[in-house]
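This is what each chain is made of:
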Amino acid sequence: MALDFETIDKGMPLEGISIPALTRATLARFAGAIDDYNPMHLDDKVATAGGKASVFAPSQLIMGYIGRMVETQFKGCALRRYGLRVLKLVWPGDVLTCRGVVIDKREENGEHVIDADVWADNQRGETVAKGRVLIVVPASAAKGLSKSEASLGVVYVDMGLRAGGKAPAPAKTRKKR
């Protein structure tokens, strides 16, 4: 579903995603991917010596899962800000559900901006992390983002095929200075 300023309303829920039960292998693979080998996330002996029940997921992994939900929901939009706070530790075996809701919509400096609260709950219904994203969305689905709107932030590109079977050209992004 492509989102645009015309069809988004305050209070609109974002389509959530479910993350299968986390495994120790997932934690180890993620540690390798980000080159962060904190033993609290990999070694039960170190984690229990530190007062934890076992190893637990790094906060960056939870942020990545919520980010996956945001990316899936906001194809054709530009992410300008993403902040997250972890509230509870996530353990091996936890199943996460990432969700969100639009809390504001406005025009700002000629751009169409929305704010959304995002969060992840575990299988016990506990909120383990929550945050907020600021997204620039197209004025209408037919127009897409303007060049200036797409010039800052991360632009989520629909990786579906264009007419003629060609993949879309990659979006260019610049960091705000």
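Residues numbered from 1 in each chain as written. Predicted model: local features only at pLDDT ≥ 70, side-chain atom pairs only at ≥ 80, totals over all residues. Heavy atoms only, no water.

Strand order in the open sheet made by the six strands is S1-S3-S4-S5-S2-S6, with antiparallel pairing throughout. Either end of the sheet is taken by a strand with one partner, and the two such strands are strand S1 (13-19) and strand S6 (154-155). With eleven bridges connecting them, strand S3 (residues 96-108) and strand S4 (residues 111-121) associate as antiparallel partners. Each bridged residue has a counterpart across the sheet, and for Asp104 the counterpart in S4 is Asp115. Helix-sheet contacts for helix H3 (residues 59-73) involve S1, strand S2 (78-86), S3, S4 and strand S5 (127-136), and the interaxial angle to S1 is about 130°. (Pairing = 2+ DSSP bridges. Helix = DSSP H or I, 4+ residues; strand = E, 2+ residues; numbered from the N terminus. Contact = heavy atoms within 4.5 Å. Axes fitted to C-alpha atoms, helices over the stretch in contact; angles between N-to-C directions.)

Here we come to the pattern of salt bridges. Overall, the coordinates contain ten salt bridges when judged by the stated rule. One salt bridge connects Arg106 with Glu108, and the closest N-O pair in it is separated by 2.8 Å. As a salt-bridge pair, Asp117 and Arg132 come within 2.8 Å of each other at their nearest N and O atoms. Here the residue Asp117 occupies a position in strand S4, and Arg132 occupies one in strand S5, the gap between them amounting to 15 residues. Take Asp117: its relative accessible area is 23%, and that puts it in the partly exposed class. (Salt bridge = Lys/Arg side-chain N within 4 Å of Asp/Glu carboxyl O. Buried < 20%, exposed > 50% of the residue type's maximum accessible area, 1.4 Å probe, protein only.)

Here we come to the side chain of Thr26. Of note, Thr26 is situated in helix H1 (residues 24-34). Other than its neighbours up to four places away in sequence, Thr26 contacts Leu61 and Tyr65.

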